[in-house]
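# What the coordinates show
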Amino acid sequence: MQMFGDTRMNKYLFVPAGVRRLVSLSAGVQPDGTSKADDHLDWSYKCAKSVIRKLRDSRHSAKDLENVLKLGAAQETECICVARSLDGRVQVGDEKGPPHFMYCRLFRWPDLKTYHELRALNCCPNAFHLKKEHICINPYHYTLVTPTALPPVIISRNAQGDVDSRQLAEFNSTAAMGLAMDETEIPENQSTDYSGDMAGSCFSPTGSAVTSGYATSIPPETPPPGYHPDEDLKSPISVTGSTASVYAGSAGPGSPFGSGGSVASFPQGGPRSAASSTDGFRSSPLPYTPRAVDSDETTSIHYQDSPHWCEIRYYEMAQRVGHIFAATIPSITVNGFTQDTAKDMFTLGLCTNPNRTTDAENVRRHIKRGVRLTYIGGEVFAECISDSPIFIQSASSNARYKWNKTTVCKVPPGCHLKIFNNEEFAAALRDAVSKGVQSVHELLRLVNIRISFIKGWGVVYSRKKATQCPCWIEIQLTGPLQWLDKVMVKMSALPPGSSRT
């Protein structure tokens, strides 16, 4: 057989015929069974064996999957389902990930980097995010996420005006330091235990806080988060997993929990949708229809992506340490290792600080794999891939879930949180433009996200500010920031760049 003419193919001589057939139908493998990269071919065989094993425990067979792959159409093919594992993932070699991601990568998109790049089609009743006992792995029932074109911000002549020089100077100083969050208010605390697909985002009601089954190296001082008791049915945000609600009376004025630190719960399906939050930030942006205005009286400012989608600064307490990392690829990790820095990796172990404290040194030992940041389709996700939790302060997420704007959310290992959405930001920016320059200025906090490793901060911690945490990073989203800058420059009649430099 031509497939085994090459010496390097001899190791596949005794592979079952069913596995060989699936590999021949996979993406990135030539019709003769070869691949440009040996490691990709090895992974393809392991993945094909994996899917056959998973199908043995379901009502579908490998033959059903072969027929679907040969047909290659979404509407004309049925779901091919496998049983959901305890953590919703499958093991392929040294990798572990959601089954639909692994098998879509095998059969359609070999360059997939993260499951955030996939969205299920509406015709699929067993999509991964629906949390059913069986997960559809039909690769033609999923599609790649594509960014939505954002409508321009329309600025009318009467929206322009002068800004108080003192306020502008204070704003410019804050933006230049990269410390845009409000440090005068002690943050409340929340917790998420979500490890699934954000496409099916909903809230889950629970009655009381319970401990998790995670085995992590969380320091004893870290308050236990509240988790949904059914680990197989994790929901995106378990609101009663609020570290603020664990301790009576910890919620302050303006808290989404009300007075007395009571536990917040929502009816099945999540909280009621609202046109906007108390910050004027729409949780579900409505379709934008520009009003008819004389073009001589308005200016349109469009969103443009930046060559690097974010900049990351590393801090120990209030001191910035090391260089500014510019992210040029969609998925990057910030870890505690000391290997040479690559394009997809910001290694904090290489950052030296002669004034490093003992606390910072201890925390750095536990960062390990750290956090993975992913920018897909105008959305930014932060996933904890360390053995210890991370703590996130994202004004964008807080507005979406109707939390206080400074709330800090605890994300345990293996879980993630959506920390930014371009469409929501566009809606907030349009709303702010109608209110004036100062409202636009205040949106700077939306494009700055803070993440602390191991140690949290807020009302239930001894650290009340991020600048009191031993090791933390600030992420500045450059595309939205530049859009914000252009709008402020136009409204303030200032020279370009003066609003943030």
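Right, let's walk through the structure included here. (Residues numbered from 1 in each chain as written. Predicted model: local features only at pLDDT ≥ 70, side-chain atom pairs only at ≥ 80, totals over all residues. Heavy atoms only, no water.)

### Section: the overall build of the chain
Along its length, the chain carries 11 helices and 20 strands. Here the analysis covers contacts within the chain between residues at least 6 apart in sequence; of these, 69% occur between residues at least 24 apart. Accessible area of the chain: about 21900 Å², with a carbon and sulfur share of 50%. (Helix = DSSP H or I, 4+ residues; strand = E, 2+ residues; numbered from the N terminus. Contact = heavy atoms within 4.5 Å. Areas by Shrake-Rupley, 256 points an atom, 1.4 Å probe, with all protein chains shown as cover.)

### Concerning the sheet that holds strand 12 (residues 331-335)
Sheets are built from strands paired through backbone hydrogen bonds, the pairs being either parallel or antiparallel. Strands sit in the order 13-12-14-15-18 across an open sheet of 5 strands; the sheet is mixed. A single partner strand is all that each edge strand has here, and the edge strands are strand 13 (345-347) and strand 18 (416-421). Strand-to-strand twist in this sheet, taken as the mean axis angle between neighbours without regard to direction, amounts to 15 degrees. Of the strands in this sheet, strand 14 (371-376) and strand 18 are in contact with helix 9 (residues 422-435), which crosses strand 18 at around 40 degrees. (Pairing = 2+ DSSP bridges. Axes fitted to C-alpha atoms, helices over the stretch in contact; angles between N-to-C directions.)

### Description of the pairing of strand 17 (residues 408-411)
Every second residue of strand 17 is oriented toward a common face, with V408 and K410 on one face and C409 and V411 on the other, all of them buried. Inspection of the sheet shows strand 8 (residues 189-191) paired to strand 17 by 3 bridges, in the parallel sense. Across the sheet, Q190 pairs through a bridge with C409, a residue of strand 17. In this sheet, strand 17 lies alongside strand 16 (residues 390-393) in antiparallel orientation, the contact comprising 3 bridges. (Buried < 20%, exposed > 50% of the residue type's maximum accessible area, 1.4 Å probe, protein only.)

### Comments concerning the side chain of H141
Structurally, the position occupied by H141 is in the loop between strand 5 (134-136) and strand 6 (142-144). Using a relative accessible area of 2% as the deciding quantity, one classes H141 as buried. A distance of 3.0 Å separates a polar side-chain atom of H141 from the backbone oxygen of T77. (Polar contact = N/O pair within 3.5 Å; in protein donor to acceptor, adjacent residues only side chain to side chain.)

### Structural notes on the sheet that holds strand 8
With respect to topology, 7 strands assemble into an open sheet ordered 8-17-16-19-20-10-11, the strand pairing being mixed. Strand pairing shows two members of the sheet lacking a second neighbour, strand 8 and strand 11 (319-327), which therefore form its edges. Strand-to-strand twist in this sheet, taken as the mean axis angle between neighbours without regard to direction, amounts to 25 degrees. Lying on the sheet, helix 11 (residues 478-492) is in contact with strand 10 (310-316) and strand 20 (472-477); it crosses strand 20 at an angle near 55 degrees.

### Brief notes about the pattern of salt bridges
Side chains carrying opposite charge are able to pair once their charged atoms draw close together. In the structure shown here, the tally under the stated rule is 14 salt bridges. The salt bridge involving R372 is made with E383; its shortest N-O contact spans 3.0 Å. Here R372, found in strand 14, pairs with E383, found in strand 15 (residues 379-384); they are 11 residues apart in sequence, far enough to count as distant. Owing to a relative accessible area of 22%, R372 belongs among the partly exposed residues under this scheme. E383 sits in the buried class, given a relative accessible area of 11%. In the salt-bridge network here, residues are joined through shared partners; they are D87, R89 and K96. (Salt bridge = Lys/Arg side-chain N within 4 Å of Asp/Glu carboxyl O.)

### Describing the nonpolar core
Within the largest apolar cluster, 63 residues are counted, with the highest numbers of intra-cluster contacts made by I312, L373, L429, I451, F453, W483 and V487. By size, the runner-up hydrophobic cluster in this structure holds 42 residues, among which are V29, Y45, V51 and I80. (Core = buried A, V, L, I, M, F, W, Y, C linked by side-chain atoms within 4.5 Å.)

### Here we look at helix 1 (residues 17-24)
Here helix 1 has its buried residues at G18, V19, L22 and V23. For helix 1, the angular spread of buried residues about the axis comes to 135 degrees, placing them on one side. (Arc of directions from axis to C-beta.)

### So, the environment of L443
Structurally, the position occupied by L443 is in the loop between helix 10 (437-441) and strand 19 (448-453). Each C-alpha atom of the pair L443 and P480 lies 9.9 Å from the other, and the pair is 37 residues apart in sequence.

### Quick notes on the packing of helix 9 against helix 11
Orientation of helix 9 relative to helix 11, taken along the N-to-C sense of each, is 10 degrees, at an axis distance of 11 Å. The orientation of helix 9 relative to helix 11 falls into the category roughly parallel. Contact with helix 9, carried on its side by N422, F425, A426, L429 and V433, involves P480, W483, L484, V487 and M491 of helix 11 and no other residues of that element. Taken together, the residues that form the contact of helix 9 with helix 11 break down as 9 nonpolar, 1 polar and no charged. (Parallel < 35°, antiparallel > 145°, perpendicular 65-115°, else oblique. Nonpolar A, V, L, I, M, F, W, Y, C, P; charged D, E, K, R; others polar.)

### A closer look at the side chain of H40
Among the structural elements, H40 can be located in helix 2 (residues 38-56). Here H40 falls in the buried class, since its relative accessible area comes to 18%. Among the polar contacts made by the side chain of H40, one reaches the main-chain carbonyl oxygen of A27 at a distance of 3.4 Å.

### Structural notes on the packing of aromatic side chains
Using the criterion set out here, one finds 8 aromatic pairs in the structure. Both rings, one in Y401 and one in W403, keep their centres 5.3 Å apart while their planes meet at 40 degrees; by these two values the pair is tilted. Of the residues examined, Y401 reaches a relative accessible area of 4% and is grouped as buried. Here the aromatic rings of F420 and F425 are separated by 5.7 Å at their centres, their planes lie at 45 degrees, and the arrangement is tilted. Among the residues examined, F420 registers a relative accessible area of 1% and is labelled buried. For F425, a relative accessible area of 1% corresponds to the buried category. (Phe/Tyr/Trp six-rings, centres within 6.5 Å; stacked < 30°, edge-to-face > 60°.)

### A closer look at unusual backbone geometry
Backbone geometry places K402, a non-glycine residue, at a positive phi of 60 degrees. Examined against the element boundaries, K402 turns out to sit in the loop between helix 8 (395-400) and strand 17. Despite not being glycine, I454 shows a phi value in the positive range, around 70 degrees. Here I454 shows up in the loop between strand 19 and strand 20.

### Let's talk about the packing of helix 1 against helix 3 (residues 62-71)
Taken N-terminus to C-terminus, the directions of helix 1 and helix 3 make an angle of 20 degrees; their axes are 10 Å apart at the nearest point. Classified by the interaxial angle, the pair formed by helix 1 and helix 3 is roughly parallel. Judged by the twist between their axes, the crossing of helix 1 over helix 3 is left-handed. Packed against helix 1, whose contacting residues are G18, R21 and L22, the element helix 3 presents L65, E66 and L69 at the interface. (Left-handed = near helix turned anticlockwise from the far one by under 90°.)

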